[in-house]
Amino acid sequence: MSSSLLVIGTVAFDNLETPFGKADMVVGGAATYAGLSASYFTPYTSIVSVVGEDFPQSFINTFREHKINTEGLQIKKGEKSFFWAGKYHIDMNTRDTLDTQLNVLADFDPVVPENLRSSEYLLLGNLMPKLQLRVLEQMAVRPKLVVMDTMNFWMETALDDLKLVLKQVDVLTINDEEARLLSGEYSLVKAAKKIMNMGPQYLIIKKGENGALLFRDNKVFFAPALPLEDVFDPTGAGDSFAGGFIGYMAATDDISFENMRRAIIYGSAMASFTVEKFGTERLVNIKEDEVATRIQSFVNLMQVDMELN
Ligand code: AMP
């Protein structure tokens, strides 16, 4: 049976600009992508976050349609939701943040509902590190697995708090640029060693369309990204990856390195869906058999028959 999963992170409005078009005020946010992605694996997914009065009830219904528990989603009267604007470069692997407005997040105090304090799996999705700590403090029992996602913005503005969170998590997921920023090392192998010394026993470095690396001690596993014909909007790929990863871990309730290798493929598959359309458009509409077919494409992509002599 699936284990319970708690996801924290932003629930937001985004303005997105990619080489293929523009979209304003689309619902996004780390907890949105991660929660939706995880919901394909475990029916016991809950989110803790905050939105303003401007947030559409129809999207809260979308969460509920995906069986996501929204008890921990605070709605602040008279306030505005977190807002982010980003523009992608032509290669779609890099982007500029054009605007970040904390709004309702500025004085957010996350409250984990009593019945969710014993959640067995915890995703500290991208959010102020101080708030990630507040959630950790409220857990009644230490979850079996704590995964943390973060980004360069918090490394630049809240590094001390971020290092405190790092000491308490099992897995950190960041991209290659962020791994270099956090460690001060160019080599990702050296960067991984330094970062694992900061706390997490496992490190996942995401490399966009070049796949992802999982580090544990001196072991490393590589999972490719699926070569896709159309990448429309990469926003939320990292969060969908993290949600798929921990959703699969919670569904299988096995925290071994071997199972993490499989979970990375599931995370990559979920990210590959997200990038096919703007915002969450694709992520909210995936059929079960489509997940299985995509996993099979990954397996085919990774297979190699070789004889060593
Ligand atoms: P990703 O593409 O996976 O890195 O995630 C993009 C999502 O992260 C967008 O939907 C944004 O709303 C959200 N986001 C952007 N900046 C931040 C931030 N500083 N903290 C938390 N979430 C953010």
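Structural data are supplied above this passage.
What counts and how
All chains use their own residue numbering, which begins from 1 and follows the written sequence. Local features in this predicted model are restricted to residues whose pLDDT is 70 or higher, and side-chain atom pairs enter the listing and the counts only when it is 80 or higher, whereas totals over whole chains, interfaces and linings include all residues. Working from all heavy atoms in the structure, the side-chain values ignore hydrogens and water. Elements are defined by DSSP. Helices are runs of H or I of four residues or more, strands are runs of E of two residues or more, and each kind is numbered from the N terminus. Note on method: radius of gyration uses C-alpha positions; expected globular size equals 2.2 Å times residues raised to 0.38. Note on classification: 1.4 Å probe, protein chains only; a residue is buried when its accessible area is under 20% of the maximum for its type, exposed when over 50%, partly exposed between these limits. For Phe, Tyr and Trp, where Trp contributes only its six-membered ring, two rings pair if their centres lie within 6.5 Å, and the inter-plane angle classes them as stacked under 30 degrees, edge-to-face over 60, or tilted in between. One side-chain nitrogen of Lys or Arg within 4 Å of one carboxyl oxygen of Asp or Glu is enough to make a salt bridge. Only strands joined by at least two bridges in the DSSP assignment are considered to pair. Interaxial angle, 0 to 180 degrees, is taken between N-to-C directions of lines fitted to C-alpha atoms, where a helix line uses only the stretch in contact. We call a residue near a molecule or strand whenever a single non-hydrogen atom of that residue lies within 4 Å of it. Here a polar contact means two N or O atoms within 3.5 Å. Within protein one must be a hydrogen donor candidate and the other an acceptor candidate, and residues neighboring in sequence count only if both atoms are side-chain atoms. For every accessible area listed, the method is Shrake-Rupley and the probe measures 1.4 Å; residues are considered covered only by the protein chains on display. Residues enter patches when their relative accessible area tops 30% and they take part in no salt bridge; the joining distance is 9 Å for like charges and 5 Å for the nonpolar side chains Val, Leu, Ile, Met, Phe, Trp and Tyr. Should any heavy atoms of two residues lie within 4.5 Å, those residues are considered in contact.

**Quick look at the overall build of the protein chain**
And then number 1: Along the protein chain, the regular secondary structure elements total 10 helices and 13 strands.
And then number 2: Against the globule reference of 19 Å for 309 residues, the protein chain gives a C-alpha radius of gyration of 18 Å, in line with a compact fold.
And then number 3: With the C-alpha coordinates aligned to their principal axes, the bounding extent of the protein chain is approximately 70 × 40 × 40 Å.
And then number 4: Put simply, the protein chain has 309 residues, and 55% of those count as buried.

**A closer look at the packing of aromatic side chains**
Between two aromatic rings, the relevant description is the distance of the centres plus the angle of the planes.
And then number 1: Applying the stated criterion across every chain, the model contains eight aromatic pairs.
And then number 2: Here the aromatic rings of Phe 153 and Trp 154 are separated by 4.8 Å at their centres, their planes lie at 85°, and the arrangement is edge-to-face.
And then number 3: Judged by its relative accessible area of 28%, Phe 153 is partly exposed.
And then number 4: For the ring pair Tyr 248 and Tyr 266, a centre distance of 4.2 Å and an interplane angle of 10° mean the geometry is stacked.

**Here we look at the pattern of salt bridges**
And then number 1: Counting across every chain of the model gives 14 salt bridges.
And then number 2: Note that Glu 258 is salt-bridged to Arg 261, the shortest N-O span being 4.0 Å. Highlighted residues: Glu 258 and Arg 261, both in helix α9 (residues 257-274), separated by three residues, approximately one helical turn.
And then number 3: For Arg 282, the salt bridge is made with Glu 290, and the minimal N-O distance between the two is 3.2 Å.
And then number 4: With relative accessibility at 12%, the residue Arg 282 sits in the buried group.
And then number 5: One connected set of salt bridges, linked through shared partners, spans Glu 276, Arg 282, Glu 290 and Arg 294.

**Re the sheet that holds strand β2 (residues 12-18)**
And then number 1: Taken in spatial order, the four strands line up as β3-β2-β6-β7 in an open sheet, and their pairing is mixed. Only two strands of the sheet have a single neighbouring strand rather than two, namely β3 (21-28) and β7 (95-101). Neighbour to neighbour, the strand axes of the sheet diverge by 15° on average, direction disregarded.
And then number 2: Inspection of the sheet shows β2 paired to strand β6 (residues 82-88) by six bridges, in the parallel sense.

**So, the site of the ligand**
And then number 1: What surrounds the ligand is a group of 19 residues, the closest being Asp 14, Gly 29, Arg 95, Gly 236 and Asp 239.
And then number 2: Contact distances for the ligand include 2.4 Å between an oxygen atom and a side-chain N or O atom of Asp 14.
And then number 3: In isolation the ligand offers 510 Å² of accessible surface; the protein chains occlude 94% of this area.
And then number 4: Elements with a minimum of two residues in the shell around the ligand: β2, β6, α4 (152-157) and α8 (237-252).

**Details of the sheet that holds strand β5 (residues 69-76)**
And then number 1: Taken in spatial order, the nine strands line up as β5-β4-β1-β8-β9-β10-β11-β12-β13 in an open sheet, and their pairing is mixed. What marks the edges here is a single partner per strand, and that holds for β5 and β13 (219-223). The mean inter-strand angle of the sheet, taken between neighbouring strand axes irrespective of direction, is 15°.
And then number 2: Pairing geometry for strand β9 (residues 145-149) and strand β10 (residues 171-175), over three bridges, is parallel. Paired with Asp 149 across the two strands is Thr 173, which belongs to β10.

**Some thoughts on a nonpolar patch on the surface**
And then number 1: Taken together, the side chains of Val 304, Met 306 and Leu 308 present a nonpolar region at the surface, about 400 Å² in accessible area.
And then number 2: Considering the arrangement of structural elements, one finds Leu 308 in the segment after α10 (288-302).

**Remarks on the side chain of Ser 46**
And then number 1: Relative to the helices and strands, Ser 46 resides in strand β4 (residues 45-52).
And then number 2: According to the relative accessible area criterion, Ser 46 is buried, its value standing at 5%.
And then number 3: If we skip the residues at most four places from it in the chain, Ser 46 touches Leu 5, Leu 6, Val 7, Asn 69 and Leu 116.

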